[in-house]
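Tertiary structure, described
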Amino acid sequence: MKAKADFILQKVKNYPVSVFLALVIWVVCLIPVPETPLKNVAFIDKWTHIAMYGILCLSIWVEYLRRHSFVDKKNLLPFREGWGRLLVGGWLLPVLQGGLLELLQAYCTHGTRSGDWLDFLANATGATLILCGGILWVCYHARR
């Protein structure tokens, strides 16, 4: 049990911005949404989901790359050294968080929020955009 607590504390210490953003997303996604003048903007909800998960994934990538120096020409193939961890932690976990939150909105908020497959798709889109940009950035800097 102590090892598990130490592992969690280490992650919070190594990724403080990402943990904070993930917690903010949990709170924002589970509280009732007040009316806003932006409700007339087309697809504002989807753009918000793309931005939230894009920013979350970007913070994970930045915090990971600041702590690890696995990037070199021979490690550009996926799932070698840190790539697997970065893909799971920097893309898959945020996408799974988005799916879990949509399920919680649909089944646990007693009608104050509604889960939506298009919101989940927007979450995954934001994370995937950062994944593609991150891979391009890493490849560019590894070749320099």
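Scroll up for the structure.
Below or above, wherever it landed, is the structure these notes cover.

Cut-offs and rules
- Residues numbered from 1 in each chain as written.
- Predicted model: local features only at pLDDT ≥ 70, side-chain atom pairs only at ≥ 80, totals over all residues.
- Heavy atoms only, no water.
- Helix = DSSP H or I, 4+ residues; strand = E, 2+ residues; numbered from the N terminus.
- Buried < 20%, exposed > 50% of the residue type's maximum accessible area, 1.4 Å probe, protein only.
- Salt bridge = Lys/Arg side-chain N within 4 Å of Asp/Glu carboxyl O.

**Here's the deal with the environment of Leu103**
Counting through the fold element by element, Leu103 comes out in helix 4 (residues 83-108). Classification of Leu103 as partly exposed rests on a relative accessible area of 46%. Taking C-alpha positions, Leu103 is 9.4 Å from Phe120, a pair spaced 17 residues apart along the chain.

**Describing the pattern of salt bridges**
The full count for this structure, using the stated rule, is 4 salt bridges. Between Lys46 and Asp45 there is a salt bridge, with its nearest N and O atoms 3.2 Å apart. Using a relative accessible area of 19% as the deciding quantity, one classes Lys46 as buried. Note on Asp45: relative accessible area 34%, which makes it partly exposed. Between Asp119 and Lys46 there is a salt bridge, with the nearest N and O atoms lying 2.7 Å from each other. With Asp119 in helix 5 (residues 117-143) and Lys46 in helix 3 (residues 44-67), this pair connects stretches of sequence that are 73 residues apart. Here the residues in one salt-bridge network are Asp45, Lys46, Asp116 and Asp119, joined through shared partners.

Purely geometric stuff here, so don't read any function into it on its own.
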